[in-house]
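So the chains spell out like this:
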Amino acid sequence: RPKNFPPGPPILPVVGNLLELNLENPLKDFERLRTTYGDVYSLFIGRKAAVVINGLETVKEAIMTKAADFAGRPQDLLVNDVTQRKGVILADYGSSWREHRRFALMTLRNFGLGKKSMENRILDEIQYTIKTLEKSIGSTLCPRVMFHNAASNIICQVLFGARYEYDDQRIKVIVQCFTENAKIANGPWAMVYDSIPGVRHLPLPFGKAFENYKTCQDFAFRLVNEHKKTRVPNEPRDFLDCYLDELEKRGDDGSSFSEEQLTNYILDLHFAGTDTTSNTLLTAFLYLMNYPHVQERCQQEIDQELQGKDQATYDDRQNMPYVQAVIHEVQRVANTVPLSVFHCTTKDTELMGYSIPKGTMIIQNMASVLREEGQWKFPHEFNPENFLNEEGEFVKPEAFMPFSAGPRVCLGESLARMELFLILVTLLRKYKFIWPEDAGEPDYTPVYGVTLTPKAYRMKVQPRTSN
Ligand code: HEM
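Residues numbered from 1 in each chain as written. Predicted model: local features only at pLDDT ≥ 70, side-chain atom pairs only at ≥ 80, totals over all residues.

Across the sheet, which stays open at both edges, the 3 strands sit in the order β3-β9-β8 with antiparallel pairing between neighbours. Strands with a single pairing partner mark the edges of an open sheet, and in this sheet they are β3 (140-141) and β8 (431-434). In the sheet, β8 pairs with strand β9 (residues 459-463) via 4 bridges, with the strands oriented antiparallel. When the bridges of β9 are listed, Y431 appears paired with P463. Along the sheet, helix α11 (residues 259-290) contacts β8 and β9; its crossing angle with β8, the most-contacted strand, is approximately 85°. (Pairing = 2+ DSSP bridges. Helix = DSSP H or I, 4+ residues; strand = E, 2+ residues; numbered from the N terminus. Contact = placed C-beta atoms within 7 Å. Axes fitted to C-alpha atoms, helices over the stretch in contact; angles between N-to-C directions.)

Here is the structure:
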């Protein structure tokens, strides 16, 4: 370890500290190592140094106070090779990332204010979810595909103005490829790929990630070509048209905008906007069915607030403190992106008194903040009281950061929050969700990956009589 580098377990040749970690799911190991070495410790993934950061104070110092020092992304991992170093999520801190991020934020905002608001797009999609639920009344349903498709359709509409039926083969394949890649990307074979460059050309299971990505790229490529044929310049129908307009405007000014970037960019946004939102929804229903009193209290508040209204609007959240508390509590326990996206130091810097050289990979242990003792009234249980004060008003503790924070904070946070609110409120208003009698004890332990996914479960849906 370099001088004054954060402490960590003894380093072995070739494998570094890989043997310290259960590569199928290292989250418990990260917690164990924190108890031994403190809030800032180091691990060697093969020969590559990584610093794991834990707890609100440390995370704030890194990604907020010293934001620019910690806002890079590693460039030599499996995921970088798979995505060919294009797009925004994995782009290093620099002009291409900055330009693309700014463009996405602006475009998403404009579409939110455009002819058909983001809110209406979401509400329209919910009607299809309702259709699916209606079909399963009287029996049980596994909601995974339904929520994945709903989240996927919302972002597809924004990106390229299309939605797909829930059994459409094309989108099924894309969602499947991404779901699989989200598991491969920080699974054991990715660790092998990242730590032992010599194996990268061998036909090993990480090859599947490249195949999956290629399938998605072909799909995105076709969409770009279709748009190029049918677009009217300066009359954008969606995100893709906006990008093509921008590309034309920039011409050959040497900017980072290109068609190749565009293909990977829409895949980035589709992936980031699908697996995250849908897994959060799956977690929500898992808990709501098993905490029926929480579900009922949400329904009471919804009934009262929406009396006489056809449908919910995002503004209604201001008068629904309990529902807000439940959604936030779901996000806290769901810990949907458990290691955030890996950061990287952009220069030699310091953290909590330790020296961290430029180019060090930074792993944010999100659970160490979302469940940190001292930050929450009930850190280790599902309890909406974590977000309510004595007066029953909604409050958001500083340690609530499932979207991370600082310059790399989730770019889709507003969209995700709107989706979670409108979907949950609309469905809870209409139906009672019941854990089937024969389903046994619920298993709350999620399946590990870039995103955490609740284990598959079934739900029983009953129309509510009061509505
Ligand atoms: C519940 C839903 C979501 C959660 C929990 C979530 C969480 C996160 C987290 C933890 C990061 C990493 C931030 C960092 O590196 O510090 C991130 C990045 C990102 N998210 Fe989300 N996200 C969600 C939904 C979405 C949606 C709907 C979109 C679609 C527009 C989106 C787009 C992105 C993008 C593009 C980035 C990369 C930002 C950058 O590197 O500058 N996310 N998200």
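Next up on the list: the environment of R1. Mapped onto the elements, R1 comes out in the segment before α1 (27-37). Residue R1 is classed as exposed on the basis of its C-beta count, with 11 C-beta atoms lying within 10 Å. In the structure, R1 is positioned 42 residues away from L43 in sequence and 9.6 Å away in space, judged by C-alpha atoms. (Buried ≥ 20, exposed ≤ 12 C-beta atoms within 10 Å, placed from the backbone.)

Here we take up the site of the ligand. As a matter of local geometry, the ligand sits amid 26 residues, with A272, G273, S404, C410 and G412 nearest to it. Among the elements of the structure, α11 and α15 (413-430) are those that each provide at least two residues to the shell around the ligand. Sorting elements by how many residues they give to the shell around the ligand places α11 first, with 7 residues. Considered class by class, the residues forming the shell around the ligand number 14 nonpolar, 9 polar and 3 charged. (Near = placed C-beta within 6 Å. Nonpolar A, V, L, I, M, F, W, Y, C, P; charged D, E, K, R; others polar.)

To continue, consider the nonpolar core. L78, L159, I266 and F285 are the most contacted members of the largest nonpolar core, which has 124 residues in total. With 15 residues, the top contributor of residues to this core is α11. Ignoring any residue separated from it by four or fewer positions in sequence, one finds L78 in contact with A185, A190, Y193, D194, F206 and A209. (Core = buried A, V, L, I, M, F, W, Y, C linked by C-beta atoms within 7 Å.)

Moving on, we get to the sheet that holds strand β2 (residues 48-53). The mixed open sheet is built from 4 strands, whose spatial order is β1-β2-β7-β4. Of all strands in the sheet, those with a lone pairing partner are β1 (40-45) and β4 (343-344), marking the two edges. Of the pairings in the sheet, the one linking β1 to β2 comprises 6 bridges and is antiparallel in character. From the neighbouring strand, F44 faces β2, where its bridge partner is A49. Helix α2 (residues 56-65) contacts β1, β2 and β7 (361-364) of the sheet and is inclined by roughly 120° relative to β2.

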